[in-house]
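Summary of structural features
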Amino acid sequence: MSLNVICMKWGTKYSPEYVNKLYSMVARHLSLPFRFVCFTDDADGIKDGVEIYSLPSVQIPDGSPERGWRKLTVFGETVAQLKGRCLFLDLDVVIVGSLDQFCKIDSTFCLAFDEKKKNSKIGNSSVFLFDALTHSPVLENFNQNAEEVIKTYRNEQAYLSAVMDKKGVLSFFPKQWCPSFKYHCVPKFPLNFLFAPKIPINSKIILFHGNPEPFDAIHGRSRSWYRYIKKTPWIEKFWSE
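A quick note: this is a predicted structure, and the numbers were derived from the prediction, not measured. (Residues numbered from 1 in each chain as written. Predicted model: local features only at pLDDT ≥ 70, side-chain atom pairs only at ≥ 80, totals over all residues. Heavy atoms only, no water.)

Once that is clear, we can look at the overall build of the protein chain. The helix and strand tally for the protein chain stands at 7 helices and 8 strands. At 17 Å, the protein chain has a C-alpha radius of gyration in line with the 18 Å of a compact globule built from 241 residues. Considered along the principal axes of its C-alpha atoms, the protein chain spans approximately 50 × 40 × 35 Å. Residues counted as buried form 52% of the 241 residues belonging to the protein chain. A fraction of 73% describes how many contacts in the protein chain between residues 6 or more apart in sequence connect residues 24 or more apart. For the protein chain, the exposed surface amounts to about 11,700 Å²; the carbon and sulfur share of it is 51%. Within the protein chain, the 25 negative side-chain charges are centred at a point lying 9 Å from the centre of the 31 positive side-chain charges. (Helix = DSSP H or I, 4+ residues; strand = E, 2+ residues; numbered from the N terminus. Rg over C-alpha atoms; globule rule 2.2 N^0.38 Å. Buried < 20%, exposed > 50% of the residue type's maximum accessible area, 1.4 Å probe, protein only. Contact = heavy atoms within 4.5 Å. Areas by Shrake-Rupley, 256 points an atom, 1.4 Å probe, with all protein chains shown as cover. Lys, Arg positive; Asp, Glu negative; His and termini not counted. Charge placed at Lys NZ, Arg CZ, Asp CG, Glu CD.)

So, about the pairing of strand β6 (residues 109-113). The buried count for β6 comes to 5 of 5 residues, which makes it a mostly enclosed element. Note: β6 against strand β7 (residues 123-131), 5 bridges, orientation antiparallel. Residue pairing across strands places Cys110 opposite Leu129, the latter belonging to β7. (Pairing = 2+ DSSP bridges.)

Next up on the list: a nonpolar patch on the surface. Where nonpolar side chains cluster on the molecular surface, the patch consists of Phe189, Leu191, Phe193, Leu194, Phe195 and Tyr228 and spans about 650 Å² of accessible area. Relative to the elements of secondary structure, Phe189 occurs in the loop between α5 (181-185) and β8 (205-206). (Patch = residues over 30% accessible without salt bridge, like charges linked within 9 Å, V, L, I, M, F, W, Y side chains within 5 Å. Salt bridge = Lys/Arg side-chain N within 4 Å of Asp/Glu carboxyl O.)

Membership of the largest hydrophobic core comes to 47 residues, with the highest contact counts inside it found for Leu89, Val127, Phe173, Phe181 and Ile205. In terms of residue count, helix α1 (residues 16-29) provides more of this core than any other element does, 6 residues in total. Residues within four places of Ile205 in sequence aside, it is in contact with Leu89, Val93, Val94, Ile95, Val96, Leu99, Phe102, Val127, Trp177, Cys178 and Pro179. Listed in part, the 30 residues of the second largest apolar core include Met8, Leu72, Phe109 and Phe128. (Core = buried A, V, L, I, M, F, W, Y, C linked by side-chain atoms within 4.5 Å.)

Using the criterion set out here, one finds 23 aromatic pairs in the structure. Ring geometry for Tyr18 and Trp239: centres 5.2 Å apart, planes at 65 degrees, overall edge-to-face. Taken together, the residues span a long stretch of sequence, with Tyr18 in helix α1 and Trp239 in the segment after α7 (233-238) at a distance of 221 residues. Summarising the burial analysis for this pair, Tyr18 and Trp239 share the class buried. (Phe/Tyr/Trp six-rings, centres within 6.5 Å; stacked < 30°, edge-to-face > 60°.)

With that out of the way, let us pick up α1. With 14 residues, α1 extends 20 Å between its outermost C-alpha atoms, agreeing within 8% with the 20 Å of an ideal straight helix rising 1.5 Å per residue. Extensive coverage of α1 is indicated by the burial of 10 of its 14 residues. For α1, every residue scored as buried is listed here: Tyr18, Val19, Asn20, Lys21, Leu22, Tyr23, Ser24, Met25, Val26 and His29. Tucked into the core, α1 has its buried residues touching β1 (3-9), β2 (34-40), β4 (85-89), β5 (94-95) and α7. (Expected span 1.5 Å × (residues − 1).)

Take helix α2 (residues 136-144) next. Residues of α2 that are buried: Val138, Leu139 and Phe142. Considered in projection along α2, the buried side chains sweep an arc of 90 degrees and stay on one side of the axis. Contact partners of the buried residues in α2: α3 (146-152) and α4 (156-167). (Arc of directions from axis to C-beta.)

Rendered as structure tokens:
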């Protein structure tokens, strides 16, 4: 059994360091054979061992925010060279536990549970698992109806969740596997002023959405007064090359 691990880097928000650290974290936490693939528009600075492919195009209407819509391209022919199971990871996740169990998930599509939407069927697309070339209509429908899709769904994870639910294949990883740094690691107010964030039990991948980014969290910078966090040195231990 092997696994294709996929990430994407475009624009200037994330440096090559994020790709390199993600690759190193996967190598440390996955005992099974794997290929690590990065789709990007700029491969400068990315370390050996990472397979580089051109960033696939997606039909985003002029004037519409790109956000994460480009992630949908992994369901198209761009992954034709990657057969079998694929695990997509956002560049800003921090891996803290074994990834081996992700290979044992019995589902053609599975993603992280979104803690912000507890009573809905919308997942978090920072981490999702799928079978290559099994869900190509997801991308085809978007490219053909992009303007309507963007008006209907707030972002790619809402669209992706809705389409997969309609197909009857939507499933979520166990909640403990992919906790949110903001909602599960940081103590609730006012304890966040007294205690540093901790790694929840049974965590495998810590999700960083919005602020702070991992680098800021290490130094206790939350960028918002009401989400104060103390310095979090354990992130630096895991989030490293």
